[in-house]
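Examination of the molecular architecture
Each chain, letter by letter, is given below.
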Amino acid sequence: MNKKFFFQSLFFCCAALVPQCYAVADNGVNELLQDSLALQAAVRGEKSVNLPLFQTKFTADPAPLVVGDTLFLYTSHDASPEDIPDLNEKNSAGFFMYDWLLWSTTDMVNWTEHGAVASLKDITWRSRDNGAWAIQIVERNGKYYLYAPLHGHGIGVLVADSPYGPFKDPLGKPLVWQKEHWDDIDPSVFTDDDGQAYMYWGNPHVYCIKLNEDMISTSGDIFVLNQQDGVMRPVKEEGAKINLRIPGSQKADWKVKNYQEGPWFYKRNGHYYLGFASTCCPEALGYAMSDSPMGPWEWKGPVIGEWTAAYGKFFAGKAGFVSLQWLPDFINWRRSRHTWQRLGND
């Protein structure tokens, strides 16, 4: 049987920011549509569903990693009001995110909570005490690498000998940092069949760079996706052409249509895929394909459409895929949503 698990988050009726993660079995387009309608009904309070996956913490941005017979799910973590240290922040509608959590399962039904696996405190060179946004963890040569955005201060990397941590900073500085803007968020790392690793990232543009085998150093230039032809080209050549504040209405004509943020780069059956959050706001989820890691990328369509703004302005976050070798041809789809506004606020 071919199944898919699609990780999202729900916005419940309470006076707080409550992004969460959940899984829905997708056995076809009709069931996916039914799941989507059921979840929207739950948001409106019209239907009761035993979701999300994790109901004791406010989680978002789930990043899956398979090791042996175990699926590890790393998530970002929105603080509860009582955990927000700044009194002025307690009543604001922003994101207060200080650490990353870890969960694991061997059957996609029963989950074990392992607590905080890393936090901003592990990155001593950070410029902010808030902003533990979407991460990704990959394994290579027995080491585990956690790539984290430090909003306004580039992207860093932490390393551990185990998927459970502890994760340590091997560099004491950003892995990449484009100081001319704040686009450096939502890293996605993939190692190709030939051993070459790539890191994709960016909002509102798509960037990438090659990583060396040590996974903590880079090779060559930073590239950016040219939205006229879908090809990745060096930023030093394309930089003057990039409109960092492009109106959303113009993104409908992009080669990777309506790209917003949160790229997830992977390969399947010889083709390269780029999942991403599209449009804003609310955000949707789209994907593009290419026959090469460097493009040309071509938009293929939406994975899921926008959630109506009547239930809040949602951030879709990152879209990621991981193959579960211990189940027959399982593909895991993951998605996250942050709520941009509190219930009742305009």
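Every value quoted in this text rests on a predicted model; they were computed, and no experiment measured them.

Right, let's talk about the confidence of the model for the chain for a bit. Per-residue pLDDT for the chain has a mean of 77; in total, 69% of the residues score no lower than 70. Segment residues 308–314 is flagged for pLDDT under 50; beyond a separation of four residues in sequence, or across chains, it makes 17 contacts in the model. When the criterion is pLDDT under 50, residues 324–346 qualifies, and its contacts beyond four places in sequence or with other chains add up to 118 contacts.

As a further point, take the sheet that holds strand S12 (residues 207–211). The strand order S10-S11-S12-S13-S14 describes an open sheet built from 5 strands, whose pairing is antiparallel. Looking at strand neighbours, the two that pair on one side only are strand S10 (188–191) and strand S14 (232–234), the edges of this open sheet. Recorded for the sheet is a direction-independent mean angle of 30° between the axes of neighbouring strands. Across 3 bridges, the pairing between strand S13 (residues 218–225) and S14 is antiparallel. Across the sheet, the residue bridging to Leu-225 is Met-232, located in S14.

Omega for the bond connecting Asn-203 with Pro-204 falls within 30 degrees of zero, at 5°, which places this linkage in the cis form. On the secondary structure map, Pro-204 appears in the loop between strand S11 (197–201) and S12. Residue Pro-296 is bonded to the preceding Gly-295 through a cis peptide linkage, with omega at 10°. Considering the arrangement of structural elements, one finds Pro-296 in the loop between strand S17 (284–290) and strand S18 (298–304). Phi is positive for Asp-186, which is not a glycine, with a value near 60°. Take Asp-186: it is sitting in the loop between strand S9 (155–160) and S10. The residue Asn-258 is not glycine, and still its phi comes out positive at about 60°.

Turning to the side chain of Asn-130, a few remarks are in order. Mapped onto the secondary structure, Asn-130 falls in the loop between strand S6 (112–119) and strand S7 (136–140). Among the polar contacts made by the side chain of Asn-130, one reaches the main-chain amide nitrogen of Met-97 at a distance of 2.7 Å. Each residue touching Asn-130, except ones within four places of it in the same chain, is listed here: Phe-95, Phe-96, Met-97, Tyr-98 and Leu-120.

Right, let's talk about the nonpolar core for a bit. Soluble globular proteins tend to bury their nonpolar side chains together. Core analysis: the largest hydrophobic core is formed by 27 residues, its most contacted members being Tyr-74, Trp-100, Leu-146 and Phe-167. Broken down by secondary-structure element, the contributors of at least two residues to this core are strand S3 (58–67), strand S4 (70–78), strand S5 (97–105), S6, strand S8 (143–149), S9 and strand S15 (259–268). Those residues in contact with Tyr-74 that sit more than four places away from it in its chain are Asp-61, Pro-62, Ala-63, Leu-65, Leu-101, Leu-102, Val-117, Ile-135, Ile-137 and Pro-163. Membership of the second largest hydrophobic core comes to 20 residues, among which are Val-138, Met-199, Trp-201 and Ile-242.

Within S4, 9 of the 9 residues are buried, which leaves it mostly tucked inside the rest of the structure. One ladder, built from 8 bridges, connects S3 with S4; its direction is antiparallel. Following the sheet pairing, Ala-60 is matched in S4 by Ser-76. Following S3, the chain reverses through 2 residues before pairing antiparallel with S4; Gly-68 in that reversal takes a positive phi of roughly 60°. Sheet topology note: the S4/S5 ladder contains 7 bridges and is antiparallel. Bridge pairing links Ser-76 to Trp-100 in S5.

Okay, the packing of aromatic side chains next. If you walk through the whole model with that rule in mind, you get 11 aromatic pairs. A centroid spacing of 6.4 Å and a plane angle of 25° characterise the contact between Tyr-273 and Tyr-287, whose relative ring orientation is stacked. Of this pair, Tyr-273 sits in strand S16 (residues 271–278) while Tyr-287 sits in strand S17, and the two are 14 residues apart along the sequence. In this structure an aromatic cluster arises from ring pairing among Phe-190, Tyr-198, Tyr-200, Phe-265, Tyr-272 and Trp-297. A cation over an aromatic ring shows up here: Lys-257 above the ring of Trp-299, its NZ or CZ 4.8 Å from the ring centre.

Rules used throughout
Residues numbered from 1 in each chain as written. Predicted model: local features only at pLDDT ≥ 70, side-chain atom pairs only at ≥ 80, totals over all residues. Heavy atoms only, no water. pLDDT = per-residue confidence, 0-100. Contact = heavy atoms within 4.5 Å. Pairing = 2+ DSSP bridges. Helix = DSSP H or I, 4+ residues; strand = E, 2+ residues; numbered from the N terminus. Axes fitted to C-alpha atoms, helices over the stretch in contact; angles between N-to-C directions. Polar contact = N/O pair within 3.5 Å; in protein donor to acceptor, adjacent residues only side chain to side chain. Core = buried A, V, L, I, M, F, W, Y, C linked by side-chain atoms within 4.5 Å. Buried < 20%, exposed > 50% of the residue type's maximum accessible area, 1.4 Å probe, protein only. Phe/Tyr/Trp six-rings, centres within 6.5 Å; stacked < 30°, edge-to-face > 60°. Lys NZ or Arg CZ within 6 Å of the ring centre and 35° of its normal.

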